[in-house]
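Topology and contacts: notes
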Amino acid sequence: MSVRSIVLGLLGAVAVCGASFFNDRILRQTFLVGNSMPVSVYGMLIVFVALINPWLGRRRFTAGELTVIMAITLASCPVPGSGLLRTFTSSLIMPVRYQQTEASWRENKILDYIPERMLPDYKSNDAVLDGFSAGLGEGDKHASISSIPWKEWRRPVVFWTPMIVLLWFAMIALSTVLHQQWSSHEHIPYPIAGFVDSLLPAQNSWGSTMFRTRSFWIGLGMVLCIHLNNYLCVWFPEQMIRVQLHLPLGGFGKVFPIVTRGGGWSLFWPTIYFTVLGICFLIPSDVSFTFAVAPWLWAIVCGFLVKYGITLTQPIEGSYWYTCLNAKMFLLYGSTVGLFLTICYTGRYYYWNVLKTALGLNRGKDKAPGLQTWGCRFFIVFIVLFTAYLVYAGMDWQLAIMYSSVLVIFYVVMARIVCESGLFHLQLNVFPCCIIWGLLGSVNLGPKTLLIMQTISVVLICDPRESLMPFMMNSMKMLERQRQPLGKTSFWAGVALIVGLAVALPLTLYLQYDHGSAIWEGWAEEAVPRMQFNNAIAVKQKLLAQGVLERSEEVSGWARFANMAPSGMCMWSLVIGLVLVLAFSAARLRFTWWPLHPMMFVTWNTPHMPSLAGSFFIGWVIKKLVIKYGGNSVYAKAKPFMIGLIAGEILGAILPSVVAAIYYFATNGEMPKAFRVLLG
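Now for a quick tour of the structure. (Residues numbered from 1 in each chain as written. Predicted model: local features only at pLDDT ≥ 70, side-chain atom pairs only at ≥ 80, totals over all residues. Heavy atoms only, no water.)

Another aspect to go through is the overall build of the protein chain. Secondary structure assignment for the protein chain yields 26 helices and 0 strands. Seen through its C-alpha atoms, the protein chain measures out along the principal axes to roughly 75 × 65 × 65 Å. Within the protein chain, buried positions represent 60% of all 680 residues. Counting contacts in the protein chain only where the partners sit at least 6 residues apart, residues at least 24 apart contribute 81% of the total. For the protein chain, the exposed surface amounts to about 27,400 Å²; the carbon and sulfur share of it is 64%. Of the charged side chains in the protein chain, 50 are positive and 32 negative, and the gap between their average positions amounts to 13 Å. (Helix = DSSP H or I, 4+ residues; strand = E, 2+ residues; numbered from the N terminus. Buried < 20%, exposed > 50% of the residue type's maximum accessible area, 1.4 Å probe, protein only. Contact = heavy atoms within 4.5 Å. Areas by Shrake-Rupley, 256 points an atom, 1.4 Å probe, with all protein chains shown as cover. Lys, Arg positive; Asp, Glu negative; His and termini not counted. Charge placed at Lys NZ, Arg CZ, Asp CG, Glu CD.)

Below, the structure is given as structure tokens:
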């Protein structure tokens, strides 16, 4: 680990965190982060290794240095986009506006249920809300830095930052504990880390052997030309012919009405994602086949049950589908718990040994290594402090422990899926507030406690596809392969998070107050700020109608558990999800021919799987045909081509962002054409 690699890693974090909101919201290009395989970071790696590093002579960066740079930069990726700041500020200020415009909000005085320290000081300065809505810039003149109500935003920043940072640090520490078991003992594939490893320069060489392989450049060039052609079509629609990557198979929906009835209409309009095709060559075939059929099976199950009046996606309680009580989420959570238990069982001796060593109970020859021991200790400290902060935020300590436990289970399972399958775009919607709500019942929570928990969930985990743990786990595998220090890099990863937040938060606030509603999006400014309050209002009205509102507001501590009223539909869904994963895990271990991976039940009803399923199926078919008719030798020759597909799509996503930024500044703020390669 060199000083220059640390410095460049931190500069990379500054670049990603400084440019993401501007690119995503103003230029409207492919998100610079967007998922667990951010095009900004991987695109910079490809350009640097292929075009810049070879010309540096004796000052060329080694593969180890590049890995450290990548790890530090990747650690900052949860900050600027969907991981936090895409919705953070709007979820705290826009409810004030809806309190003014929504009659039910005013009637229930729902905003009074939130502690003032969680929200900006909108009462002392009208510009806090009006400036956010209308914008403080006028025409071509941008808002001055001094006109932004920084002081009024100090209160929520001071409140939320410790909670967010404690959770981040706990996840970094937990990653150091899990890494050795997953990498050295279980040997899971880490396909994303494998992709990076194939691009890094070999020892005593100017570049990767991949760059000297013709098929790699053919794959890269083909995909890059397709995306650049389609980008030109956006600018010159009459002169260019677009290469269609959407397969119009909608007519087949009439042949399979059970699928469309189950909400699977989008499955008949698959999109070709070349990154997915390449990933399929780096993962076991049963995994890619599982992801190809999973959303179809979900649609068939839903379509079958709808016929009998059972809907898994509609609210059981609450009013907003995303964070309400519904069977779909509990089926997903039951599957998540099942996969978590499988992970714990597989590594039970290792985890128990690390825990005993961390607590000073194991001093013999089986003592765990220092990195894992200290990682476990730091995890315990940070997660306890995080739980204590939840109590400070307004939860009972029993609820805070439950909340933290659900979060840990969620993050571990999400990281495992990404590392084992390469499913880089995963939105595992498991919200601790809803799980606790379904277990205890609304009468044992009350609308105020429920609203506080939902607000915390909206801030921490609203859009989890850019979560920290998958970034850290992939980084640790890359570091291990290049024999770089995991502990020191983890420390600098934590620094990168702080630096990234310090850069991205003021920039995001400035851009939002400068442009106002001109850069709003329906998700961040409309849906997210409403959902938790609408759910709280629905619960309040239900409890009021039942005559138990006052009792629900008075209950606390262990009394919440004395008369638990769990939702029957939710509990049955949780048990079914748990049983399905455990049964499929046992079958996969017992039968070598078993075709489906238990990860199916943790992904089959996630939002973006229908969009990716077609590409997983095509990738699975290609790999099967190559191995069947060409054998391992042809597979080895085809692999660089497939890796080139991934690299080409990453460059095809990042180059339009560069062009759009140049156009924006060259034309003094004229908006470029929107263009996105990957899912938004």
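Moving on from the model shown.
So, on to the side chain of T73. Its place among the elements puts T73 in helix 3 (residues 63–75). Residue class for T73 comes out buried when judged on its relative accessible area of 3%. Those residues in contact with T73, other than ones at most four positions away along the chain, are L8, G9, G12, A13, V16 and V41.

To continue, consider empty space enclosed by the protein. Taken as a whole, this structure holds 6 cavities of 30 Å³ or more when the rule is applied. What the largest cavity holds in volume is close to 170 Å³. Contributing to the lining of the largest cavity are 18 residues, with P78, G83, W168, Y411 and L460 lying nearest its centre. Where the lining of the largest cavity is concerned, the elements lending two or more residues are helix 7 (150–185) and helix 18 (446–461). At 4 residues, the largest contribution of residues to the lining of the largest cavity is made by helix 7. Across the lining of the largest cavity, the residue classes tally to 13 nonpolar, 3 polar and 2 charged. In this structure, the second largest cavity encloses a volume near 90 Å³. (1 Å grid on protein atoms, 1.4 Å probe; cavity = no way out; pocket = protein on both sides within 12 Å on 5 of 7 lines; lining within 4 Å. Points joined across faces, edges and corners; volume = space filled by probe spheres on them. Nonpolar A, V, L, I, M, F, W, Y, C, P; charged D, E, K, R; others polar.)

Summed over the entire model, instances satisfying the criterion amount to 0 disulfides. In this model C77 remains outside any disulfide bridge; the closest cysteine sulfur is found in C17, 7.2 Å from its own. The thiol of C570 is not disulfide-bonded; the next cysteine sulfur, from C324, is found 8.7 Å away. (Disulfide = S-S within 2.5 Å.)

Another aspect to go through is the packing of aromatic side chains. By the definition in use, this model includes 42 aromatic pairs. Here the aromatic rings of F159 and W160 are separated by 5.0 Å at their centres, their planes lie at 85°, and the arrangement is edge-to-face. By the burial criterion, F159 is buried, and W160 matches it. Measuring from centroid to centroid gives 5.6 Å for W558 and F561, while their planes differ by 55°, and the two rings are tilted. Taking relative accessible area as the criterion, F561 reaches 23% and is therefore assigned partly exposed. Among the aromatic side chains, those forming a connected cluster through ring pairs are W298, F584, F591, W593, W594, F601 and W604. For the cation-ring pair, R117 lies above Y392, with the distance from its terminal atom to the ring centre recorded as 4.7 Å. Above the ring of W182, the side-chain terminus of R416 is found at 5.1 Å from the ring centroid. (Phe/Tyr/Trp six-rings, centres within 6.5 Å; stacked < 30°, edge-to-face > 60°. Lys NZ or Arg CZ within 6 Å of the ring centre and 35° of its normal.)

Right, let's get into the packing of helix 2 (residues 39–52) against helix 3. Pairs of packed helices are described in terms of their axes, by the angle between the two and the distance that separates them. As a packed pair, helix 2 and helix 3 sit with axes 11 Å apart at the nearest point and diverge in direction by 160°. If you check the angle between helix 2 and helix 3, you find them roughly antiparallel. In the crossing of helix 2 with helix 3, the sense of the turn from one axis to the other is right-handed. Counting all contacts with helix 2, which are made through V41, Y42, L45, F48 and V49, the residues of helix 3 involved are L66, M70, T73 and L74. Class assignment of the residues belonging to the contact of helix 2 with helix 3 gives a composition of 8 nonpolar, 1 polar and no charged. (Axes fitted to C-alpha atoms, helices over the stretch in contact; angles between N-to-C directions. Parallel < 35°, antiparallel > 145°, perpendicular 65-115°, else oblique. Left-handed = near helix turned anticlockwise from the far one by under 90°.)

Here we come to the pattern of salt bridges. Applying the stated criterion across every chain, the model contains 16 salt bridges. One salt bridge connects E65 with R4, and the closest N-O pair in it is separated by 2.9 Å. One end of the pair, E65, is in helix 3; the other, R4, is in helix 1 (residues 3–27), with 61 residues separating them in the sequence. According to the relative accessible area criterion, E65 is buried, its value standing at 11%. In this structure, K123 and E116 form a salt bridge, with 3.3 Å as the shortest nitrogen-oxygen distance. Judged by relative accessible area, which is 59%, K123 ranks as exposed. On the basis of relative accessible area, E116 is assigned to the partly exposed category, the value being 47%. Look at the salt bridges and you will find they share partners, linking R25, R86, D463, R465, E521 and E525 into a network. (Salt bridge = Lys/Arg side-chain N within 4 Å of Asp/Glu carboxyl O.)

This part takes up helix 9 (residues 214–235). Between its first and last C-alpha atoms helix 9 spans 32 Å; for 22 residues at 1.5 Å apiece the expected length is 32 Å, and the two agree. Within helix 9, the full set of buried residues consists of S215, F216, G219, L220, V223, L224, I226, H227, N229, N230, Y231 and C233. Along its buried surface, helix 9 packs onto helix 8 (191–199), helix 11 (274–280) and helix 26 (609–666). (Expected span 1.5 Å × (residues − 1).)

In this section: the side chain of N35. With respect to the helices and strands, the residue N35 is situated in the loop between helix 1 and helix 2. For N35, a relative accessible area of 2% puts it in the buried group. From its side chain, N35 meets the backbone nitrogen of M37 in a polar contact 2.8 Å long. Those residues in contact with N35, other than ones at most four positions away along the chain, are F424, H425, R465, E466, F471 and L678. (Polar contact = N/O pair within 3.5 Å; in protein donor to acceptor, adjacent residues only side chain to side chain.)

Structurally, A660 is set in helix 26. Exposure remark for A660: the relative accessible area of 0% places this residue in the buried category. Between the C-alpha atom of A660 and that of L27, which follows or precedes it by 633 residues, the distance is 6.4 Å. When near neighbours in sequence (up to four residues on either side) are disregarded, A660 contacts L27, Q29, Y231 and P672.

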